[in-house]
Each structure stands twice: as structure tokens, then as C-alpha cells.
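Breakdown of the fold
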Amino acid sequence: MPMSDQPDLMRGEPRHQGQTTDVVVDLHEYRKAKNPTPVTFHRRELDQILKVYGRMVGEGEWRDYAIDHTKNRAVFAVFKRAGEVPLYRIEKNPKLAHKQGAYSVVSASGIVLKRGHELAQVLKVFDKVLKLVET
């Protein structure tokens, strides 16, 4: 125990006379504020994304993916090859939920292809448009 020139204190007696603290801090809330939990995709969101991913893998368009969760956003990145820049990023940013929408699809060049409040609508950017071909 370190030595101190301070007098021994009785239990509950403040160290500095005249200064008392009546603040109770919840340790769980303090830790949460210090290290906020990251933004994540929920199970239903991942189901929707993986459904599109599976279809695109079946078509030979995509081959790999990565998921990243940060304190500001969750990102599902899709790749043609593992060592390259992602072709697309499907992002969830809750701070934009009341403005443009929390979900967006961003291309490799950083252009936002679609943004919205519902993930299913945003993922429609990957639906192929059928064209009528005259013979």
C-alpha cells in the first residue's frame, strides 16, 4: 500500500473537506459510452443481402464478400476476386435513417447507386432488367 501524507479517512468521509459527490455512475452505462457498440446488420437484413449475394454468385458475377461493423456503420462488401477493391458496398448508417435513409449501395468508385429507408427496395438495384429482343 503506498504511503501518503493524507490523514486516514473514516468510511464515507470525503477526501477534501467541503467537497462531496453524490453522483452514482452505472458502470455498464459508462463502459457503453466509452466503447459504443458497433452498428450491425440484423438477421433479417443479412438474409435479404445473402439472398441477393447467392443469386449473383450463381450468375458468376460475385465471388467473395466481407462484413465490417464500426461504431458508425455496417458494411457488406462484395468482390469479384478476393484481392481486389469491392465491386459494391451495401451500407447501413443509422444516422441517416431520418434523412435519406439508413441503407445505401455504393459502387467501387464511391458513387451512391441507390439509397433508401427499406433494405429490400435498395437491393433492387441488383435486379436485372429484362429487355425485349426482336428477332
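What you see is a predicted model; the values in this text were computed from it and never measured.

**Observations regarding the overall build of the protein**
When helices and strands are tallied, the protein shows three helices and five strands. When the helices and strands of the protein are read in sequence order from the N terminus, they spell out α-α-β-β-β-β-β-α. In the protein, which comprises 135 residues, the proportion classed as buried is 23%. Taken as a whole, the protein presents about 11000 Å² of accessible surface, with 53% of it coming from carbon and sulfur.

**Concerning the pairing of strand 4 (residues 103-107)**
Counting buried positions over the five residues of strand 4 gives five, a clear majority of the element. Burial of the side chains of strand 4 extends over both faces: Y103, V105 and S107 are buried on one face and S104 and V106 on the other. Across five bridges, strand 3 (residues 88-92) lies against strand 4 in antiparallel orientation. Across the sheet, residue R89 finds its bridge partner in strand 4, namely V106. Of the strand pairs in this sheet, strand 4 and strand 5 (residues 112-116) are connected by four bridges, and their pairing is antiparallel. Looking at the pairing, S104 lines up with R115 of strand 5. Hairpin geometry of strand 4 and strand 5 is characterised by an intervening segment of four residues between the two adjacent antiparallel strands and by a positive phi of about 95 degrees at G110.

**Some details on the side chain of S107**
Mapped onto the elements, S107 comes out in strand 4. A distance of 3.0 Å separates the side chain of S107 from the side chain of S109, its partner in a polar contact. When sequence neighbours within four positions are dropped, the list of residues in contact with S107 reads L87, Y88, R89 and L113.

**Some remarks on the environment of V125**
Looking at where V125 falls in the secondary structure, it is placed in the segment after helix 3 (119-123). Since its relative accessible area comes to 31%, V125 is described here as partly exposed. With eleven residues separating them in the primary sequence, V125 and K114 have C-alpha atoms 6.8 Å apart.

**Details of the confidence of the model for the protein**
Confidence in the prediction for the protein averages 82 pLDDT; 79% of positions are at 70 or higher. In the model of the protein, helix 1 (residues 27-34) stands out as the element of lowest mean pLDDT, 70, in contrast to strand 3, which has the highest, 95.

**Structural notes on the environment of L119**
You can see L119 is positioned in helix 3. Relative accessible area serves as the criterion here: at 4%, L119 is assigned to the buried category. Separated by 28 residues in the primary sequence, L119 and E91 have C-alpha atoms spaced 9.7 Å apart. In this structure L119 touches E45, Q48, I49, I90 and Y103, once residues within four positions along its chain are discounted.

**Describing the packing of aromatic side chains**
Under the criterion given, the structure shown has seven aromatic pairs. Aromatic side chains Y53 and F76 sit 6.1 Å apart centroid to centroid with 75 degrees between the ring planes, which places their arrangement in the edge-to-face category. You can see Y53 sitting in helix 2 (residues 43-58) and its partner F76 sitting in strand 2 (residues 74-79), a full 23 residues away along the chain. Given a relative accessible area of 11%, Y53 falls into the buried group. An aromatic cluster of at least three residues, connected via ring pairs, comprises Y53, W62, Y65, F76, Y88 and F126.

What counts, and at which threshold
- Each chain has its residues counted from 1, running along the sequence as written.
- With pLDDT at 70 or above as the cut-off, local features in this predicted model cover only qualifying residues; side-chain atom pairs require 80 or more to be listed or tallied, and sums for whole chains, interfaces and linings still use all residues.
- The side-chain values count all of the structure's non-hydrogen atoms but skip hydrogen atoms and water molecules.
- The helix and strand labels rest on DSSP assignments: H or I over at least four residues marks a helix, E over at least two residues marks a strand, and numbering proceeds from the N terminus.
- Think of it in three bands: with a 1.4 Å probe and only protein chains considered, a residue is buried below 20% of the maximum accessible area for its type, exposed above 50%, and partly exposed in between.
- For accessible areas, the Shrake-Rupley method is used with a probe of radius 1.4 Å. Any residue's cover is judged against the shown protein chains and nothing else.
- Strands are labelled as partners when DSSP assigns at least two bridges between them.
- The term polar contact refers here to a pair of N or O atoms within 3.5 Å; inside protein, the definition further demands a hydrogen-donor-capable atom paired with an acceptor-capable atom, and it admits residues adjacent in sequence only when both atoms are side-chain atoms.
- Note on definitions: a residue-residue contact is assigned when non-hydrogen atoms from the two residues lie within 4.5 Å.
- Think of pLDDT as the predictor's per-residue confidence, scored from 0 to 100.
- Two aromatic rings from Phe, Tyr or Trp, using only the six-membered ring of Trp, form a pair when their centres are within 6.5 Å; if the ring planes differ by under 30 degrees the pair is stacked, by over 60 it is edge-to-face, and anything between is tilted.

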